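Given next are the chains, with one letter for each unit.
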Amino acid sequence: MTKPKSKDKKSFGIDKRVVWEAWQQVRANQGAPGIDEEAISEFEGNLEGNLYKLWNRLSSGTYMPPPVKAVQIPKKDGGGARTLGVPKVADRVARTVAKLYLEPEVEPTFHSDSYGYRPDRSALDAVGACRERCWKSDWVIDCDLRSFDSFDHDLMLKAVAAHTKERRVLLYVERWLKAPLDKGDGNLEARDRGTRQGSAISPVLANLYLHYAFDSWMAREFPAVPFERYADYIVAQTKSERQARFVLGEIKARMADCHLELNQEKTRLVYCRDPNRTSSHEHEHFDFLGYTFRPRPARNGRGELCTSFGPAVSDPAAKAIRRTIRRWRIHLWNGASLADIAQEYNTTVRGWINYYGRFHSTELVKYLRRIDEYLVRWAMRSLKRLKGRRARGWQLLADVFTREPELFSHWRLVRTNNWVGGAV
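For the structure given in this document, a descriptive report is provided here. (Residues numbered from 1 in each chain as written. Predicted model: local features only at pLDDT ≥ 70, side-chain atom pairs only at ≥ 80, totals over all residues. Heavy atoms only, no water.)

**Looking at the environment of Y230**
Phase 1: Considering the arrangement of structural elements, one finds Y230 in strand β6 (residues 227-230).
Phase 2: Residues Y230 and F288 lie 58 residues apart in sequence; the distance between their C-alpha atoms is 9.3 Å.
Phase 3: In contact with Y230, other than residues within four places in its own chain, are Y115, G116, Y117, S122, A123 and L289. (Helix = DSSP H or I, 4+ residues; strand = E, 2+ residues; numbered from the N terminus. Contact = heavy atoms within 4.5 Å.)

**Things to note about the sheet that holds strand β11 (residues 291-299)**
Phase 1: The three strands lie next to each other as β10-β11-β12, forming an open sheet whose pairing is antiparallel. Every interior strand has two partners, whereas the edge strands, β10 (286-288) and β12 (305-313), have only one. Averaged over all neighbouring strand pairs, the angle between strand axes comes to 50°, with direction disregarded.
Phase 2: Of the pairings in the sheet, the one linking β11 to β12 comprises nine bridges and is antiparallel in character. Opposite P297, over in β12, you have T307 as the bridge partner. (Pairing = 2+ DSSP bridges. Axes fitted to C-alpha atoms, helices over the stretch in contact; angles between N-to-C directions.)

**Digging into the layout of surface pockets**
Phase 1: If you add up the space inside the second largest pocket, you get close to 360 Å³.
Phase 2: What lines the second largest pocket is a set of 16 residues, among which N29, R92, G198, S199 and A200 lie closest to the centre.
Phase 3: Those elements that place two or more of their residues in the lining of the second largest pocket are α1 (16-29), β1 (68-74), β2 (81-86) and α4 (89-106).
Phase 4: Partitioned by chemical class, the residues of the lining of the second largest pocket number seven nonpolar, seven polar and two charged. (1 Å grid on protein atoms, 1.4 Å probe; cavity = no way out; pocket = protein on both sides within 12 Å on 5 of 7 lines; lining within 4 Å. Points joined across faces, edges and corners; volume = space filled by probe spheres on them. Nonpolar A, V, L, I, M, F, W, Y, C, P; charged D, E, K, R; others polar.)

**Things to note about unusual backbone geometry**
Phase 1: Phi at E37 is positive, roughly 60°, even though this residue is not glycine.
Phase 2: Here H360, not a glycine, exhibits a phi torsion of approximately 50°, which is positive.
Phase 3: Topologically, H360 is positioned in the loop between α11 (338-356) and α12 (361-382).

**Some words on helix α8 (residues 201-221)**
Think of an α-helix as turning once every 3.6 residues; residues three or four places apart then point the same way.
Phase 1: If you check α8, its first and last C-alpha atoms are 29 Å apart, about what 21 residues at 1.5 Å a residue would give, namely 30 Å.
Phase 2: If you look at α8, its biggest bend is around 55°, right at H211.
Phase 3: Counting buried positions along α8 gives 17 out of 21 residues, so the element sits mostly inside the fold. (Expected span 1.5 Å × (residues − 1). Bend = angle between axes of the 7 residues up to and from the residue. Buried < 20%, exposed > 50% of the residue type's maximum accessible area, 1.4 Å probe, protein only.)

**Details of the packing of helix α10 (residues 315-328) against α11**
Phase 1: In contact at an axis separation of 12 Å, α10 and α11 are set at 170° when each is read in the N-to-C sense. Classified by the interaxial angle, the pair formed by α10 and α11 is roughly antiparallel. Residues A317, I321, T324, I325 and W328 of α10 lie in contact with α11, whose contacting residues are Y345, T348, V349, W352 and Y356.
Phase 2: A class-by-class count of the residues in the contact of α10 with α11 yields eight nonpolar, two polar and no charged. (Parallel < 35°, antiparallel > 145°, perpendicular 65-115°, else oblique.)

**Notes on the packing of α1 against helix α3 (residues 47-60)**
Phase 1: Close contact between α1 and α3 brings their axes to 10 Å; oriented N to C, the two are set at 125°. Relative to α3, α1 is oriented oblique. Considering how the two elements wind past one another, α1 and α3 form a crossing that is right-handed. Where α1 approaches α3, its residues K16, V19, W20 and W23 are matched on the opposing element by L47, L51, Y52 and W55.
Phase 2: Split by residue class, the contact of α1 with α3 holds seven nonpolar, no polar and one charged. (Left-handed = near helix turned anticlockwise from the far one by under 90°.)

Right, dumping it as structure tokens:
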């Protein structure tokens, strides 16, 4: 299908070029099929006809979103499962069209410490800001919101209406909020609140709702209390325990006013203990976006060893990394070369390093060394001269490392941390 011309418009003024851009984003993201089990490739088989039909319905105001498919995914912290609402391919394109119209209108309004699902912001930016503020503040309010399933539809639509004059956006947002959930048992679950994660428009709507429910309220009521919010995960820093308890009480009341609720099991006050802050408290560490913040060995500006309150890869994230490495069963790759193994897994390892290696990477190294242990076991199985000779297996790996230090992605990180020489 050729890129459409902009003059093709109807009563609601949906630009065909926007539909085309939305399709490009959906195709790039791929994703699971919706309730009709139609894959991206199948939709693309009649791309021109499918996109024209979608544009025609969106432009005339007759587009009615179908039910979304309920998909359970485990939470990263191991605390149960999260329900995603997976739309059909055409519906994903439609929701992306709405996002492309709405996001530029709301984005300039958002708070600078809102980091989730925003252009040019990332989870690592939030972790970095939190790290620096924990050095300056003694107490942390660690909050977890039950938000996506709790958003009040009337308040959501009021917020959308305040930022756009586009009738089409408001019309379809209302319809998407009410689109039923298909759990696969033949019954449809009606929606009277919340917005299901799993579509392009949901993060924008969530950020808009929480901007008014939390971000702008905090900036107005507690301008001296910094915070970092990534979707429904919130961390705020205070100077004293008394201030932390007061602010937390006010946050709870505010959330109730906005029809939201804190997860009581995960919301708590944390003391940022280090050599300069020597009191004690029930909680002296917390997890935020895959990192655990706690006292750790570090070096000061003069290069001297010290203890600092800061982040490193969290225990749940490290456990998931170890489990993944174990499932690879590298030591059983008979007939493969080291280059074959590296090509298979380097992309995944690079992703771990790029994210969990940003702060206190020495903690991540402890888990990535398991890859080398499996490689030595592989060498002992694959090469007869190394059978039962672990020390020679390590020496082989050291020789390969000397010749090809970039062969495995994690070797760059362990070399930086002066680990390989001692291990192999």
